[in-house]
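Notes for the structure review
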Amino acid sequence: MSLFKRNAKLSNSAKAEASIQLEAPRTSTAAAQDSYASFEKLAYGQVASTSLYDRPLNDKSAGISKSYQRLLSLPAYYWVLIAQLFVILPHAAYLPLWLIGFAIITIIAQLPSIKSKFKPTRLKRLYQVMQMLGFLLGLAGLSLTYGTAFGLDMGVGFLVLCLVSKLWELYKRRDAYVVLNLSLFVIAGLFLLDQGLVTTLQAIAATIVVLLAFITLNDDSNTSGDGRMRTLGVLGVSALPLLVVLFLFFPRLPPLWSVQLSSSQATTGVSDSMSPGDFANLSQSTELAFRVDFKQDRPAQSELYWRGLVFSDFDGVTWRPNRRIQQQWQWQPKRQPPKWFEQSLATASDAVKLDPNYYEITLEPTQQPWLFGLDYPFTQNQDINLTSDFTLIKEEPVSEQLRYEVLRYAPMQIAPILDDVSRAANLTLPSAGNLQTQNLAKQLFAQSGSDPERYIQAIQRWINQTEFRYTLSPPPLDENRIDSFLFETKAGFCEHYSSSFTFMMRAAGIPARVVAGYQGGEMGRGGNVWEVRQMDAHAWSEVWLEGQGWVRVDPTAFVAPERVEQGMDALTQSRGASLFGEGATAQVSYQQYQMLQALRRLSDQASYYWQKDVVGYDQDKQAGSLLKWFNIRSISEQIAWLAASAITVISLLVFMIWYRRRKQWHPADRPLIKLSNKVAKNDKALARHDNEGALAWLERLQNSQMSHNKLSKQQIADIKKYYRQLRYGRLSVAETHSQEYQQVLKALKRGISQL
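Calculation rules
Residues numbered from 1 in each chain as written. Predicted model: local features only at pLDDT ≥ 70, side-chain atom pairs only at ≥ 80, totals over all residues. Heavy atoms only, no water. Pairing = 2+ DSSP bridges. Helix = DSSP H or I, 4+ residues; strand = E, 2+ residues; numbered from the N terminus. Core = buried A, V, L, I, M, F, W, Y, C linked by side-chain atoms within 4.5 Å. Buried < 20%, exposed > 50% of the residue type's maximum accessible area, 1.4 Å probe, protein only. Contact = heavy atoms within 4.5 Å. Expected span 1.5 Å × (residues − 1). Salt bridge = Lys/Arg side-chain N within 4 Å of Asp/Glu carboxyl O. Polar contact = N/O pair within 3.5 Å; in protein donor to acceptor, adjacent residues only side chain to side chain. Patch = residues over 30% accessible without salt bridge, like charges linked within 9 Å, V, L, I, M, F, W, Y side chains within 5 Å. Areas by Shrake-Rupley, 256 points an atom, 1.4 Å probe, with all protein chains shown as cover. Phe/Tyr/Trp six-rings, centres within 6.5 Å; stacked < 30°, edge-to-face > 60°. Lys NZ or Arg CZ within 6 Å of the ring centre and 35° of its normal. Axes fitted to C-alpha atoms, helices over the stretch in contact; angles between N-to-C directions. Lys, Arg positive; Asp, Glu negative; His and termini not counted. Charge placed at Lys NZ, Arg CZ, Asp CG, Glu CD.

**Focus on the sheet that holds strand β6 (residues 357-363)**
Pairing is antiparallel across the open sheet formed by six strands, whose spatial order is β8-β11-β6-β1-β16-β15. In this open sheet, the two strands that pair with only one neighbour each are β8 (377-378) and β15 (522-523). Pairing of β8 with strand β11 (residues 402-408) involves two bridges; the strand directions are antiparallel. Bridge assignment links F378 to a residue of β11, and that residue is L407.

Rendered as structure tokens:
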């Protein structure tokens, strides 16, 4: 009798548990309805019923920072707004600041504390007006900013404007889904403007927050926020293998079309004019200009003159190129080169012609068309022109990282025969001013016996004897810049010396011009790529000599020979703070320079490998790597590998998800499942119901027609006894692999098999 009562109690307990399980879905549904109501209340500004600080925190998270847990437990509405900040702010470097400001104001306007100041009906009317007005004014602003209806930056700006406009009608969860999906497209738009490592990290951070907002939308009833980061981690880890497969095997197809970025973005580096102070400002920057991969021996440091622009026009203050005398030529197979190129190439030796120095340059975006190459460059790239000054000009401005191959022919004379137009252009001086310099030039030229080479040496001796100083912080100059520098301040940077030297050569009747570019560089941290930075910006002179053509003369080497022989970095290290001026300000500037230089080099090295191995993983590299690793020789094999790898990865992910979510039975329950399936074949009514406890079901079997004889009843009673011992008795807390537990479990299985 007591055994029956105990069975009855256990049966009632099982029924109670089952009833709780039945109630769970109703509770979950009610919670979901509350979450919908909570989202809409926040969207309409009804914050009194959903206070952030009234949301309960999980006691199990006592070790976690309360602020971190409270952040995770924020309602979905707030996470949608937070996600918009992460999506919009990375575009501040590329889009107009007024558009970013409008977006931030829009996000702030969606806060419930601001919406609560208006009644719901008035709120919707007011925000609808703001939506239409903001969208129309935004379109007008984009049109005025870019001056066109097409272009990548215009398109990305329009996409951001659409996202911002949609925020003004954020009232329901459906609106939130639209906003978050549109946010993913806006994040992808970042890569149309830049594919650098920093941009990629920003896009990853924004994507993570958007995914977290998606998770909270589907889990808004979870007031403690538990499990949200775990769900995010599962999504991220599951996507990584598929990401690797697509990166390795997805065919790299050439672009079907190209769209040029507008030139309104900020430019860095050497500009198309030169005034005193321009290069001094650049030389305090450690920003990367370009990288060089030498395929042969690298020339000596003193020979690394990276020419970019040639300045022939001078107005007394600024040097500029003379486009009237400059000719351009683009190499094409079987096309006759121009006469000026043939004349210069004829002066090179046969060894130089047959084996020129070959190297590859990776130029950072400059938003300018001119490129850089060692004296004297030549390229076979179809979209790059070679000028008669032996400088490289691209047909379009460099708006993204550019890689191009260059050949160096040296030694070689350029313009061995100077035409009258070029001679006149490179002898022209301003009509007035700088009389002291002109008189000094005539005096030294006469003392040199009107010999140009001896005259150059005379200028060098005069500069050395006059105690000129090389500095990054030159004092200001008056109206007659050349006179002021040579006879008063006597302190300057490379543009001061090259400008003054070229002026003195012209004053003596010798054709001369200024060349702007970079000098030197240093080996990268990886030890295999040469790096040239803005700090290496340099200007030097070229003098035309009879029988020699244009000859490079670097007057900066008269004052600071270590600048040319060792590089700008070595010069800065050796001279220290004195190069930045005098006093405590110079010391602070030098310390800042050192710190920023170290950080810049680390970031540039990471960016280099990112551009080289990830962004630069083009058709050629993909074909080479797939052939090397997988012996893939055709596009059909590549697609087959892609499909097989993707199916394998997806199958593994599905299996892992199924394995983690599969229902795990207690060892004592598995035999009962088999018994239920067994009796169901004869009579489905005898099978165990989903909401029926195990002991209650066994009792029903014992009272059914199945156990019409005493033997069956006794067998079922034994099964109940063994099951009760394993699940509720002393063995329920024992190790499942213990000997006693296994003996009782075997007896349970044996009893079921014999029933």
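**Overview of the nonpolar core**
Core analysis: the largest hydrophobic core is formed by 81 residues, its most contacted members being F290, W306, Y404 and Y455. If you tally residues by element for this core, the top one is helix α18 (residues 494-507), at seven residues. Every residue in contact with Y404, bar those within four places of it in the chain, is listed here: Y359, E360, I361, L363, L371, F372, N381, I384 and L392. Counting 54 residues, the second largest nonpolar core, distinct from the first, contains L123, V160, V210 and F214.

**A short note on the side chain of T437**
One can find T437 in helix α15 (residues 435-447). Residues contacting T437, with those up to four places away along its chain left out, are I482, D483, L486, F487, F503 and M504.

**Side note on helix α7 (residues 152-167)**
A rise of 1.5 Å per residue sets the reference length of α7, with its 16 residues, at 22 Å; its end C-alpha atoms lie 23 Å apart and thus fit the reference within 8%. Turning to α7, its buried residues number three or more, namely D153, M154, V156, G157, V160, L161, L163, V164, S165, K166 and L167. Where α7 is buried, its residues touch α3 (76-88), α4 (97-109), α6 (120-146) and α8 (173-193).

**A word on the pattern of salt bridges**
Scanning all chains against the criterion turns up 22 salt bridges. Between E360 and R403 there is a salt bridge whose closest N-O contact spans 2.8 Å. One end of the pair, E360, is in strand β6; the other, R403, is in strand β11, with 43 residues separating them in the sequence. Salt-bridge contacts for R513 lead to E542; the nearest nitrogen and oxygen are separated by 3.0 Å. Taken together, the residues R513 in strand β14 (residues 512-519) and E542 in strand β17 (residues 537-545) connect sequence positions 29 residues apart. In terms of burial, R513 and E542 fall into one category: buried. Residues participating in the shared-partner salt-bridge network are E303, R307, D375, D389, R408, R513, E542 and R552.

**Observations concerning the environment of Q327**
With respect to the element layout, Q327 can be found in the loop between β4 (319-320) and β5 (328-329). Using a relative accessible area of 45% as the deciding quantity, one classes Q327 as partly exposed. Excluding its chain neighbours within four sequence positions, the residues that come into contact with Q327 are W340, L386, T387 and S388. There is a polar contact of 3.5 Å between the side chain of Q327 and the side chain of W340.

**Side note on a nonpolar patch on the surface**
A cluster of nonpolar residues, F655, M656, W658 and Y659, forms a patch on the protein surface that exposes about 480 Å² of accessible area. For F655, the position within the fold is in helix α24 (residues 635-661). Taking the relative accessible area as the measure of exposure, F655 reaches 47% and is therefore partly exposed.

**Structural notes on the packing of aromatic side chains**
Taken as a whole and assessed by the stated rule, the structure comprises 34 aromatic pairs. Measuring from ring centre to ring centre gives 6.0 Å for W306 and Y359, while their planes differ by 80°; the resulting arrangement is edge-to-face. Here W306 is found in strand β2 (residues 305-311), whereas its partner Y359 is found in strand β6, with 53 residues between them in sequence. You can call W306 buried: its relative accessible area is 0%. Taking the relative accessible area as the measure of exposure, Y359 reaches 0% and is therefore buried. Cluster of aromatic residues (ring-pair linked, three or more members): F290, F294, W306, Y359, F372 and Y518. Note that K124 overlies the ring of Y171, its terminal NZ or CZ placed 5.2 Å from the centroid.

**Quick word on the sheet that holds β14**
Strand order in the open sheet formed by five strands is β7-β2-β14-β17-β18, with antiparallel pairing between adjacent strands. At either margin of the open sheet sits one strand with a lone partner, and together these are β7 (373-374) and β18 (549-553). Where β2 lies against β7, two bridges are found, and the strand directions are antiparallel. What sits directly across from R307, in β7, is G373. The strands touched by α18 are β2, β14, β17 and β18; relative to β17, the strand with the most contacts, the crossing angle is about 15°.

**Focus on a positive patch on the surface**
Positive charge collects at one region of the surface, where R670, K674, K746, K749 and R750 lie side by side. Among the secondary structure elements, those contributing two or more residues to the positive patch are α25 (669-680) and α28 (739-754). Tallying contributions element by element places α28 first for the positive patch, with three residues. Its location among the elements puts K749 in helix α28. We classify K749 as partly exposed; its relative accessible area is 45%.

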